[in-house]
Amino acid sequence: MQEIELKFLVPESRLKGLMRQTHVKSSQVTQLAAHYYDTHDQQLAQAGIGLRIRKEGDTWVQTIKAGGDGIAARLEHNAVLDNVQVQAMLDNNELIPDLTIYEDTPIAAALADFKLKKLAKNLTRLYVTDVERTTRLLTESNEDETDNCIEMAYDQGEIIHGTDDSLRKAIQEIEFELVSGDLDFLFTTAKTWCKRYKLCLSTVTKAENGGLLINGQNHSPAVNANLSQLQIDKDSSAPAFIRAVVHNCLLQILPNSSAIVAGSKDDDHILQLRIGIDRLRTALKAFADFSDEINPEWLPILKQTATLLSDYYQLAYIKAQIEPELQACGAPAVDWTANIENIKITPINTLQANDFQITLLELIAFTMSDPSIEPQTDQLARDKLTKVLSKQYKKCLKTNKKADEVSDEVGDTEHVSNDIDLNANTDIADNDQPESELLNQLRDLRYISEFSASLLSKKKAKKKTKRWLKRLIKAQKALEQLNDNNQYQQFYEFKSTTDANALYGSGWFTAILTDEQSHIDARLEKFADSSTFW
């Protein structure tokens with residue numbers, strides 16, 4: 001069967017209020033002791049599979065979870081075990097899952113790449129969980145006299161290392177699982193609780209947390225965009241296409257967001273989350289007329305979130321990466337700590353905001369909704385994509401020409417600077433300079449092209465598509481580097497008003513900027529001269 005559930009982390013400040021709502025007369029409290037299994041090199045985890053044997057009250061249940069949509073839905077198979085046999089195996093320290101029970105089940109496909117007999121021999125208990133679960137049912141009657149039903153489960157406990165019980169990780173999360181009825185009820189209920197208790201979506205399973213524990217990690221690595229996970233076919237309708245694209249963006253956004261709300265300060269999580277949001281914003285703007293279900297309120301919230309993340313990331317990157325590089329070249333040290341601390345809204349604050357979390361829920365709901373009931377379901381995506389791409393391509397060429405004209409007027413070596421406030425929420429790239437405008441347009445064209453390539457690129461023209469994308473990406477990255485260096489120069493220039501040591505960095509980047517233009521012009525010329533793939 002497929003389980004559909006949404007998981008959230010609970011902030012300490014709202015825990016007491018939430019506990020009052022979970023511990024009601026109708027709720028049930030169950031002790032869950034679970035043993036999680038994998039090979040020593042975690043082959044199951046790498047395949048996205050979780051395997052456990054868990055005591056649920058007085059019953060032992062073997063559960064495997066795998067596949068699904070990577071966001072809220074997963075395949076799940078539960079098998080009730082013989083209590084006497086389990087206890088005997090526990091007494092002899094021989095408790096191991098029985099994999100033969102999956103041979104003729106829907107879960108078999110997830111295990112198809114494994115030789116089950118060999119896998120069974122290599123399984124070992126890696127960690128255990130000791131959790132107190134409080135559950136209650138939330139129901140709503142429909143007009144057709146059926147019930148919408150959700151099981152709400154609040155879990156509190158810990159994960160314990162399988163061979164060293166001094167290594168532990170706390171668990172404190174709440175889940176909403178659809179038992180029966182409509183998906184709308186699940187998301188409406190989750191949004192209500194999210195608003196009330198400032199819950200934050202998490203895609204991190206107990207199995208993933210267990211894997212992090214035994215590997216000595218606090219958070220999983222940052223997740224990059226993965227276009228191989230974009231599930232579309234040649235005959236995808238416009239509504240189905242935009243849902244698949246949004247889903248692909250969420251596969252990058254949600255894991256990185258989950259890590260940050262769980263406490264990660266890793267710059268890579270912030271960077272990849274921002275890139276994921278940028279890809280999503282591009283898709284929602286470019287394919288706005290592909291679906292009537294796109295909420296126009298999503299875009300301003302996503303833009304604000306991306307801007308706040310960028311404000312923090314820029315200064316953090318300067319402190320962690322740029323400063324060491326400059327000092328290695330003989331530059332005097334510049335301390336950016338106070339500037340970072342003066343940023344009032346940190347990444348975790350940004351992501352904990354209700355409007356962002358509600359937007360994520362609405363986007364997940366959108367991807368899981370049925371595209372076939374939309375008015376445009378008879379319109380093929382590929383018939384609309386050519387127009388979208390051509391329009392964006394022409395905008396890039398027009399802006400490129402405009403940038404050339406401005407460059408000629410200003411002069412090749414004159415640097416145009418915009419003063420910035422290091423403690424303000426400023427999107428430096430979001431200005432009316434032609435080069436900044438061109439960078440944004442090239443970035444949008446790249447994302448639109450990557451989303452569209454598999455539908456528009458014919459088999460014989462795949463090399464042409466790859467070549468065109470390669471030239472586009474090189475032009476975009478060259479302009480992006482110029483934009484970044486311009487921002488770094490501005491940061492150091494502004495910093496020099498209070499710290500003379502920053503003059504070295506300001507001069508360093510000014511020199512780099514004067515040498516970059518010829519390289520960028522060559523990249524842009526190659527891109528402009530390339531024939532398109534659509």
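Residue positions are given per chain, counted from 1 along the sequence in the order it is written. Predicted model: local features are reported for residues with pLDDT of at least 70 only, side-chain atom pairs are reported and counted for 80 or more only, and whole-chain, interface and lining totals are derived from all residues. Side-chain calculation: all heavy atoms of the structure are included, whereas hydrogens and water are not.

Some points on the overall build of the protein chain
Working step 1: Counting its regular elements, the protein chain contains 16 helices and 9 strands.
Working step 2: For a compact globule of 534 residues, the expected C-alpha radius of gyration is about 24 Å, and the protein chain comes in at 26 Å, within 12% of that figure.
Working step 3: Reported as C-alpha extents along the three principal axes, the dimensions of the protein chain are approximately 85 × 60 × 50 Å.
Working step 4: Summary of the burial criterion: residues with accessible area below 20% of their type's maximum are buried, those above 50% are exposed, and those between are partly exposed, where the area comes from a 1.4 Å probe applied to protein chains only. Put simply, the protein chain has 534 residues, and 49% of those count as buried.
Working step 5: We call two residues in contact whenever any of their non-hydrogen atoms come within 4.5 Å of each other. A sequence separation of at least 24 residues applies to 76% of the contacts in the protein chain between residues at least 6 apart. In this description a helix means any DSSP run of H or I spanning at least four residues, a strand means any run of E spanning at least two, and both kinds are numbered starting from the N terminus. Atoms counted for the radius of gyration: C-alpha only. Globule rule: 2.2 Å times residue count to the power 0.38.

Regarding the nonpolar core
As a rule of thumb, nonpolar side chains are buried together in soluble globular proteins.
Working step 1: If you look at the biggest cluster of nonpolar residues, it comprises 110 residues, and the most contacted ones within it are Phe 8, Ile 174, Phe 176, Leu 199, Phe 241 and Phe 287.
Working step 2: For this core, the element with the most residues is helix H7 (residues 238-261), which contributes 13 residues.
Working step 3: Apart from the residues within four sequence positions on either side, Phe 287 is in contact with Phe 241, Ile 242, Ile 294, Leu 385, Val 388, Ile 448, Phe 451 and Ser 452. Definition of nonpolar core: a set of buried residues of the types Ala, Val, Leu, Ile, Met, Phe, Trp, Tyr and Cys, connected through side-chain atoms within 4.5 Å.

Some points on the packing of aromatic side chains
Working step 1: Two rings from Phe, Tyr or Trp (for Trp, the six-membered ring) form a pair when their centres are within 6.5 Å of each other. A pair whose planes differ by under 30 degrees is stacked, one over 60 is edge-to-face, and the rest are tilted. Considering all chains together, one arrives at 22 aromatic pairs under this definition.
Working step 2: Ring geometry for Phe 241 against Phe 290: centres 5.9 Å apart, planes inclined by 45°, an arrangement best described as tilted. On the criterion of sequence distance, the pair formed by Phe 241 in helix H7 and Phe 290 in the loop between helix H8 (267-286) and helix H9 (298-328) is long-range, its members being 49 residues apart. Just as Phe 241 is buried, Phe 290 falls in that class too.
Working step 3: One aromatic cluster is present, formed by Tyr 313, Tyr 317, Trp 336, Tyr 488, Tyr 492 and Phe 509 through successive ring pairs.
Working step 4: For Lys 495, the ring lying beneath its charged end belongs to Trp 336, and the centroid distance is 5.2 Å. Both a distance and an angle decide whether a charge sits over a ring: NZ of Lys or CZ of Arg must be within 6 Å of the ring centre and within 35 degrees of the ring normal.

Details of the state of the cysteines
Working step 1: Cysteine sulfur atoms that pair up within 2.5 Å are treated as a disulfide. Counting across every chain of the model gives 0 disulfides.
Working step 2: Cys 200 takes part in no disulfide bond, and the closest cysteine sulfur to it belongs to Cys 194, at a distance of 6.9 Å.

All quantities given are derived from atomic positions and should not be read as evidence of function.
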